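# Remarks on the overall topology
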Amino acid sequence: MTKLPPPPLDRLTGAALFLDLDGTLLDIADRPEDVRLEAGMAELLGALRRQLGGRLAVVSGRSLEQIDAILGPCAADIAVSASHGCEHRWEGVLARPDRPASLDTVIRQLHAFARDWPGVIVEDKSFGAALHYRMAPGAAEAADALALSLAEASGLYLQRGKMVAELRVAGGDKGAAVRTLMRQAPLAGSRPIFAGDDLTDEPAFIAAREMGGDAILIGEPRETAANYGLSSPPELRNWLREAAR
């Protein structure tokens, strides 16, 4: 697999920067609740936002409440798309769907499954639930089979990622999130740059490039729509620090 070139810093000039969280801006943890904002990152995000004229956004599969808990007060100043493009907040305006009644039943069944598989974790979200088996790779086949059957029974959308199967509200993805936020001031009229690591970020890569921007794959080389690459979250953070100088 060909390694992608690193993004030139001057690509940020006049751009809107979109950042995924887990595995991109932040290091992945075995337990989702253990993910933390590195020291100095809140200040860095603030500096980037000022330098970009407010054109900074976070796009994540996490819920809005989880993103606020991770980022702290600085989240209020950043455009946010959460739950794989199902809920958005910009300039204090909040847009989100109704929570489906079927989700509570699905969550109970996922927790029952996790009790039988030590190491499997259920992550409850506002508009979905994720079954993490990073610490129990032997559960992968059974977890995927359960998630598929629950998706078919509930009408929820099955979103697969790195050692995780998530059931969530249908109708959104990270590409739609980019397009939605790019219609809002001050991002409108700029060129999007999206940084992400997972297969769930591919729709955002495609959207950013179709809108004349760039996509940065974080992690090991693979088949991707991205045109630039950085090897890890620490390398992205170093790139952002250089950009904020």
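Let me begin by describing the structure that accompanies this report. (Residues numbered from 1 in each chain as written. Predicted model: local features only at pLDDT ≥ 70, side-chain atom pairs only at ≥ 80, totals over all residues. Heavy atoms only, no water.)

The next thing to look at is the packing of aromatic side chains. Applying the stated criterion to the full structure yields two aromatic pairs. Both rings, one in Phe194 and one in Phe205, keep their centres 5.9 Å apart while their planes meet at 70°; by these two values the pair is edge-to-face. Of the two residues, Phe194 is situated in strand E10 (residues 191–196) and Phe205 in helix H6 (residues 202–210); the sequence distance between them amounts to eleven residues. Taking the relative accessible area as the measure of exposure, Phe194 reaches 0% and is therefore buried. (Phe/Tyr/Trp six-rings, centres within 6.5 Å; stacked < 30°, edge-to-face > 60°. Helix = DSSP H or I, 4+ residues; strand = E, 2+ residues; numbered from the N terminus. Buried < 20%, exposed > 50% of the residue type's maximum accessible area, 1.4 Å probe, protein only.)

Turning next to the pattern of salt bridges. Should the charged atoms of two oppositely charged side chains come close, the side chains can pair. Per the stated rule, a full pass over the model turns up 16 salt bridges. Between Arg11 and Asp214 there is a salt bridge, with the nearest N and O atoms lying 2.7 Å from each other. Here Arg11 is found in the segment before strand E1 (15–19), whereas its partner Asp214 is found in strand E11 (residues 214–218), with 203 residues between them in sequence. Linked by salt bridges that have partners in common, Asp27, Glu38, Arg237 and Arg241 make up one network. (Salt bridge = Lys/Arg side-chain N within 4 Å of Asp/Glu carboxyl O.)

Moving on: the pairing of E11. With five of five residues buried, E11 is to be regarded as a mostly interior element. Of the two faces of E11, both are covered, the one formed by Asp214, Ile216 and Ile218 as well as the one formed by Ala215 and Leu217. As paired elements, E10 and E11 share four bridges and run parallel to each other. Within the sheet, the bridge partner assigned to Gly196 lies in E11 and is Leu217. Tracing the backbone out of E10, into H6 and back to the parallel element E11 gives a crossover that is right-handed. When E11 meets strand E12 (residues 228–230), the two strands line up parallel, connected through three bridges. Opposite Ile216, over in E12, you have Tyr228 as the bridge partner. (Pairing = 2+ DSSP bridges. Right-handed = clockwise from strand over helix to strand, strands pointing away.)

Moving on, we get to the environment of Met135. Inspection of the secondary structure assignment puts Met135 in the loop between strand E7 (128–132) and helix H4 (140–154). With a relative accessible area of 33%, Met135 lands in the partly exposed category. In this structure the C-alpha to C-alpha distance between Met135 and Met163, which are 28 residues apart in sequence, comes to 8.9 Å.

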